[in-house]
Number of protein chains: 4
Amino acid sequence: MIHARPLPAYLIQRFHGWKATTYQQNRAWYRRLAESGQHPRAMVISCCDSRVHVTSIFGADEGEFFIHRNVANLVPPYNPDGEYHGTSAAVEYAVTSLGVAHVVVLGHSNCGGVKGCHDMCRGHAPALEEKTSFVGRWMDILRPGFEKVAHLSDDTILRALEKQAVLTSLENLMTFPFVAEAVQAERLTLHGLWTDTGEGDLEQFDPERQAFMPV
Amino acid sequence: MIHARPLPAYLIQRFHGWKATTYQQNRAWYRRLAESGQHPRAMVISCCDSRVHVTSIFGADEGEFFIHRNVANLVPPYNPDGEYHGTSAAVEYAVTSLGVAHVVVLGHSNCGGVKGCHDMCRGHAPALEEKTSFVGRWMDILRPGFEKVAHLSDDTILRALEKQAVLTSLENLMTFPFVAEAVQAERLTLHGLWTDTGEGDLEQFDPERQAFMPV
Amino acid sequence: MIHARPLPAYLIQRFHGWKATTYQQNRAWYRRLAESGQHPRAMVISCCDSRVHVTSIFGADEGEFFIHRNVANLVPPYNPDGEYHGTSAAVEYAVTSLGVAHVVVLGHSNCGGVKGCHDMCRGHAPALEEKTSFVGRWMDILRPGFEKVAHLSDDTILRALEKQAVLTSLENLMTFPFVAEAVQAERLTLHGLWTDTGEGDLEQFDPERQAFMPV
Amino acid sequence: MIHARPLPAYLIQRFHGWKATTYQQNRAWYRRLAESGQHPRAMVISCCDSRVHVTSIFGADEGEFFIHRNVANLVPPYNPDGEYHGTSAAVEYAVTSLGVAHVVVLGHSNCGGVKGCHDMCRGHAPALEEKTSFVGRWMDILRPGFEKVAHLSDDTILRALEKQAVLTSLENLMTFPFVAEAVQAERLTLHGLWTDTGEGDLEQFDPERQAFMPV
């Protein structure tokens, strides 16, 4: 016995509207994508946050980006222990099966996951320190990043930690043998971005300066 | 030393185009979302596949959906062992921190992860059976679902297994105490959907008939 | 003995600059395109004119559009007589081999080919009426279009004729059996555009109103 | 009744982004080009293939190159029979109306048209031998080129034939009286190039050695 409910009516109505308009106008393209398979040029790893502009800032259509979204856009270190690793599975599929040319890690302002990590590391969020807290344990990935910015003042530390989440993911990506190999063979490039969702700003990690710079 | 590269120029140009148009036109809303926080009404769990119409079929704007995307839209069973569980963290954050009213699991046609699971369970994909295969281990979540459809013919089994992926996730969601509690308190409803991305069709799991029906 | 000369030095220098910058930054994507083949979503038929913004107005990168450019963006009628038909070959390759989802005909302002057609049809360009004039004979494709706008005043007829060039091509495209078949099967859509290259305006043919309208 | 559809929304959004940024920044130049006419320094004849870097490798802006693109960058022999000859019309317009100083023929790696010609000449592509195959008949232009490389091994013949396509076009260009005359008067030079689109390499035909050499 599966617990499920019918969709709210307003969502069903919106679907029928989409089917009668957007789908009709793009049917040829959607059918071709279904029949000839996806060939996305990039994988995007972003946060689940409802405010993050993942595709619209790049004018992207269906078929362009393979998108993994999790809390705080984190990639854990390589750990092939036979357990369930959803993020690692997504990276593996993108790089080894789809052969994407780019992996883009997109961080963002006001990230709730990063804020939780900050509070936890400061000792202000005991609930997140419980072994049973999935969010707390997930955000443990960012603890080394917190150490790097712990000296910053209260008004700058959160943005710095959000950017550390991007850098931590970039570093962890390179611990995956198939990622490192594709990067070294110049078949894959990694990109680190951070966006201010309210101001619409976009910064990218500049490898020359080892700092985030406005694009 | 972080491995990263500048974004391709065409993506930067598209971003500046977005900033000058879509962003300018929606600035008030994006700023309010940034300042007053996100209040998404639903969490959507969908596949990373570039062809899945996750938000457009529901006419959704920034702020509406908290979106987790992984390979084959799977939720593993509740297992608070202190390890990294990205999907469980996303569900926990959505239900306990954001208090979403709905969790929608969205499966889709031509799912590469589901196809891999099928081939692996049939014994045709030894590479996926390796302990080190993240995709293979992740798709183990769907092995019980495969058993339920293993008797089907070649031309129907894949779609049936794609729908089992949705049902498996719905079942596993109910093993999370905070999900079951919210469902029982009628503060949360679960929904199972499957879409044909080429034909633009949408089916939902009907709890009366215990079957997927067109919306 | 082939008549050819070395490239001018400034072009060689620009190439080496491109190789050291743009190519280096996009090598992964260009390699993947070379290895896994092109999967362009659309064919664009535009004029050879050096002023036409064929790809930049759509923020397009390598791999997105299969592009045929000829004088006045014309498609001749279907005529499988065994002779050389470069435009028909391009359309055939795009539709039957690549399976593009869209064919976009892009006309433009100040089109020299269209101006020549106008002058020839008005009897002011005897050289273009010579049998040996390739431009004159090519622009014969647009003679039926001229008849439709011949009543217009001098200050409006050229733009009207530029748009007739787009419509003539759209009509002729439908005389190709493989185009008509793909359109009827809803695997291909045709689109008619006209751009003012100086003002940066873009109009599209609106099938409801049977007229060009600003996008 | 014209068959046409509205443009996909993502392309319209990208256009508005371009209009608000790239166009605004270059308006003065685009307007001057519109008002004072085009004065391109060269004509480029390249393939329709979406992967060919036609202008970016030369850092070219609007106004610089008059560009004809067809399948396999072929120029047919001079044949003023009063029929439609799109490529010949483009060459005539560039040389006699615009007075370009250079005609550059640009071939490329992994050319689908050249591959088709190879298969057809080997007897492995009967569909291309049909009278009604526009691609087959168009590629007949390259049959004499195939004879010159037919003795080569499977792993070198395709690249050699891609280069023959460039040489065939250069030879056929000289059969046009207005081309030969302009070349002899030293008002026009011809150039033969071949590019590896994945590796970003560029070779040019060296008239001294009668061979392609890296630039």
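None of the values given here were measured: they were computed from a predicted structure.

On a plain count of helices and strands, chain A comes out with eight helices and six strands. Start at the N end of chain A and walk to the C end: the helices and strands fall as α-β-β-α-β-α-α-α-α-α-α-β-β-β. C-alpha atoms of chain A, sized along the principal axes, occupy 55 × 45 × 40 Å. A burial count over chain A gives 66% of its 215 residues as buried. Within the structure as shown, chain A displays about 7,500 Å² of accessible surface, and the carbon and sulfur contribution to it stands at 50%.

Much of the literature gives interface size as the accessible area that the parts lose upon coming together. Taken together, the contact between chain D and chain A spans four residues of the former and six residues of the latter. Together, the buried faces of chain D and chain A total about 480 Å²; carbon and sulfur atoms form 42% of this surface. Between R14 of chain D and E64 of chain A there is a salt bridge, with the nearest N and O atoms lying 2.9 Å from each other. Viewed at the interface, chain A and chain D are joined by three residue pairs in polar contact (both at pLDDT 80 or more). Residues of the side of chain D that touches chain A, tallied by class, amount to two nonpolar, no polar and two charged.

Residues and elements named next belong to chain D. With phi around 45°, N73 is a residue other than glycine that occupies positive phi space. Topologically, N73 is positioned in the loop between β2 (65–70) and α2 (86–98). What makes N73 buried here is its relative accessible area of 2%. One non-glycine residue, E186, adopts positive backbone phi at about 55°. Structurally, the position occupied by E186 is in the loop between α8 (177–184) and β4 (189–196).

Residue and element names in this part refer to chain D. Most of α2 sits inside the fold, with eleven of its 13 residues counted as buried. All buried positions along α2 are accounted for by G86, T87, S88, A89, A90, V91, E92, Y93, A94, V95 and L98. Once α2 finishes, G99 follows within two positions and takes phi at roughly 65°, a positive value.

In the structure shown here, the tally under the stated rule is zero disulfides over all chains. Left unpaired, C111 of chain B is separated from the closest cysteine sulfur, that of C47 of chain B, by 4.1 Å. Here C117 of chain C is not disulfide-linked; the sulfur of C121 of chain C is the nearest cysteine sulfur, at 4.0 Å.

Glancing now at the domain arrangement of chain A. Residues and elements named next belong to chain A. Split into domains, chain A comes out as domain 1 (1–37) and domain 2 (38–214). For domain 1 and domain 2, the distance between their C-alpha centres works out to 29 Å. Facing the five residues of domain 1 at the interface are five residues of domain 2. For the pair domain 1 and domain 2, the summed buried area comes to about 380 Å², and 53% of that belongs to carbon and sulfur atoms. Counting across the interface, domain 1 meets domain 2 through zero salt bridges. Considering only residue class, the side of domain 1 that touches domain 2 consists of three nonpolar, two polar and no charged.

A few words on the packing of helix α2 (residues 86–98) of chain A against helix α8 (residues 177–184) of chain A. Residues and elements named next belong to chain A. Put simply, α2 and α8 touch, their axes get as near as 10 Å, and they point 35° apart. The handedness of the crossing between α2 and α8 comes out as left-handed. Only F178, V179 and A182 of α8 make contact with α2, whose side of the interface consists of V91, E92, V95 and T96.

Those places that UniProt annotates as "binding site: Zn(2+)" (unreviewed entry) correspond, in this numbering, to C47, D49, H108 and C111 of chain A. For the residues just named, distributed over 65 residues, the greatest C-alpha separation is only 8.9 Å, placing them together at one site. Along the polypeptide, C47 of chain A turns up in strand β1 (residues 42–47). Not counting chain neighbours up to four residues away, the residues in contact with C47 of chain A comprise V52, R69, N70, V71, A72, N73, L106, H108 and C111 of chain A. Note that D49 of chain A resides in the loop between β1 and β2 (65–70). Among all residues touching D49 of chain A, those that are not within four sequence positions of it are R69, H108 and N110 of chain A together with Q38 and F66 of chain B.

With that out of the way, let us pick up the relation of the copies chain B and chain A. Under the fitted operation, chain B is carried onto chain A by 0.0 Å of movement along the axis and a turn of 180°, and the coordinates agree to an RMSD of 0.1 Å. Seen this way, the second copy is the image of the first under a two-fold rotation axis. Scanning chain B for the C-alpha nearest the rotation axis identifies R69 of chain B, at a separation of 2.5 Å. A share of 98% of the interface residues of chain B reappears at the interface of chain A, consistent with the copies meeting face to face through the same patch.

With that out of the way, let us pick up the interface of chain B and chain A. Each partner contributes residues to the interface: chain B has 99 residues there, and chain A has 98 residues. The contact between chain B and chain A buries some 9,000 Å² in all, and 62% of this surface belongs to carbon and sulfur atoms. On the chain B side of the contact with chain A, I2, Y84 and F134 of chain B bury the most area, a combined 10% of that side's loss. There are six salt bridges connecting chain B and chain A. Ionic pairing is found between K19 of chain B and D201 of chain A, a salt bridge with its closest N-O pair at 2.8 Å. The tally of links from chain B across to chain A stands at 50 residue pairs in polar contact (both at pLDDT 80 or more). Sorting elements by how many residues they give to the side of chain B that touches chain A places helix α1 (residues 9–36) of chain B first, with 13 residues.

Okay, helix α3 (residues 112–121) of chain A next. For α3 of chain A, the buried fraction is high: seven of the ten residues fall into the buried class. Buried residues along α3 of chain A sit in contact with α4 (126–129), α5 (134–139), α6 (143–149) and α7 (157–173) of chain A together with α2 (86–98) of chain B.

What follows deals with the pairing of strand β6 (residues 211–214) of chain A. Residue and element names in this part refer to chain A. By the bridge criterion, four bridges tie strand β5 (residues 201–206) to β6 in an arrangement that is antiparallel. Across the sheet, E203 pairs through a bridge with P214, a residue of β6. Where β5 hands over to β6, the hairpin turn is made up of four residues, of which Q210 adopts a positive phi near 50°.

The next subject is the pattern of salt bridges. All names here are of chain A. Per the counting criterion, the structure on display carries 54 salt bridges over all chains. K115 is the salt-bridge partner of D119, the closest N and O atoms lying 3.0 Å from each other. With a gap of four residues between them, D119 and K115 both fall in helix α3, about one helical turn apart.

On to empty space enclosed by the protein, then. Summed over the entire model, instances satisfying the criterion amount to ten cavities of 30 Å³ or more. Looking at the largest cavity, its volume works out to about 260 Å³. Contributing to the lining of the largest cavity are 22 residues, with H39 and G63 of chain A together with W29, H39 and G63 of chain C lying nearest its centre. When contributions to the lining of the largest cavity are tallied by element, the ones reaching two or more residues are α1 (9–36) of chain A together with α1 (9–36) of chain C.

Turning to the packing of aromatic side chains, a few remarks are in order. One pass over the structure, following the stated rule, counts 43 aromatic pairs over all chains. When the ring of F66 of chain A is compared with that of Y93 of chain A, the centres are 5.9 Å apart and the planes differ by 25°; the resulting orientation is stacked. Residue F66 of chain A is located in strand β2, and its partner Y93 of chain A is located in helix α2; the two are separated by 27 residues in the primary sequence. As far as the burial class goes, F66 of chain A and Y93 of chain A line up, both buried. For the ring pair W18 of chain B and Y23 of chain B, a centre distance of 5.7 Å and an interplane angle of 45° mean the geometry is tilted. We note that W18 of chain B, like Y23 of chain B, is buried.

In this structure, the second largest pocket encloses a volume near 1,000 Å³. Around the second largest pocket sit 40 residues that line it, and T55, S56 and A60 of chain C together with T55 and S56 of chain D are the ones nearest its centre. Secondary structure elements with two or more residues in the lining of the second largest pocket: α1 of chain B, α1 and β2 (65–70) of chain C together with α1 (9–36) and β2 of chain D. Of all the elements, α1 of chain C adds the most residues to the lining of the second largest pocket, at four residues. Counted by class, the lining of the second largest pocket contains 17 nonpolar, 15 polar and eight charged residues.

Conventions we followed
- Residue indices begin from 1 for each chain and proceed along its sequence in written order.
- Chains carry letters from A onward and ligands carry numbers from 1 onward, assigned in written order.
- Note on the predicted model: pLDDT of at least 70 is required for a residue's local features to be given, and 80 or more for side-chain atom pairs to be given and counted; whole-chain, interface and lining totals, by contrast, use all residues.
- Side-chain metrics rest on all non-hydrogen atoms present in the structure, leaving aside hydrogens and water.
- Under the scheme used here, helices are H or I runs from DSSP no shorter than 4 residues and strands are E runs no shorter than 2 residues, and both carry numbers assigned from the N terminus.
- Relative accessible area decides the class of each residue, using a 1.4 Å probe on protein chains only: under 20% of the type maximum gives buried, over 50% gives exposed, and in between gives partly exposed.
- Areas reported as accessible are Shrake-Rupley estimates using a 1.4 Å probe. Residue values count occlusion only from the protein chains shown.
- The contact criterion used is simple: two residues touch if any of their non-hydrogen atoms lie within 4.5 Å.
- The quantity reported as buried area is the accessible area (1.4 Å probe) lost by two parts once they are put together, taken as the sum for both.
- Basic side-chain nitrogens of Lys or Arg form a salt bridge, by our definition, when they fall within 4 Å of a carboxyl oxygen of Asp or Glu.
- Each polar contact in these results corresponds to two N or O atoms within 3.5 Å; when the atoms are within protein, one needs to be able to donate a hydrogen and the other to accept it, and residues that are neighboring in sequence are counted only if both atoms are side-chain atoms.
- Residue polarity is assigned by list, with Asp, Glu, Lys and Arg as charged and Ala, Val, Leu, Ile, Met, Phe, Trp, Tyr, Cys and Pro as nonpolar; anything else, Gly included, falls into the polar class.
- Count a disulfide wherever a pair of cysteine sulfur atoms falls within 2.5 Å.
- All domain edges in this entry derive from an automatic or database-based domain assignment.
- Whenever a helix is involved, its axis is fitted only over the stretch in contact; in every case the axis is a line through C-alpha atoms, and angles between N-to-C directions fall within 0 to 180 degrees.
- It is the rotation of the near helix from the far one that decides the hand of a crossing: anticlockwise by less than a right angle makes it left-handed, clockwise makes it right-handed.
- UniProt positions are given in the numbering used here, feature names are shortened, and annotations may be inferred rather than shown by experiment.
- What sets the superposition is a least-squares fit of C-alpha atoms, and only residues with pLDDT of at least 70 in both copies go into it.
- For two strands to count as paired, DSSP must find a minimum of two bridges between them.
- Both cavities and pockets are sets of points on a 1 Å grid over the protein atoms alone; in a cavity a 1.4 Å probe fits but cannot get out, in a pocket the set is open with protein on both sides within 12 Å along at least five of seven lines, and lining residues sit with an atom within 4 Å of a point.
- Grid points are joined across faces, edges and corners, and a volume is the space filled by probe spheres set on the points.
- Put simply, two rings from Phe, Tyr or Trp (the six-membered ring, in Trp's case) pair if the centres are within 6.5 Å, and we call them stacked under 30 degrees between planes, edge-to-face over 60, tilted for the rest.

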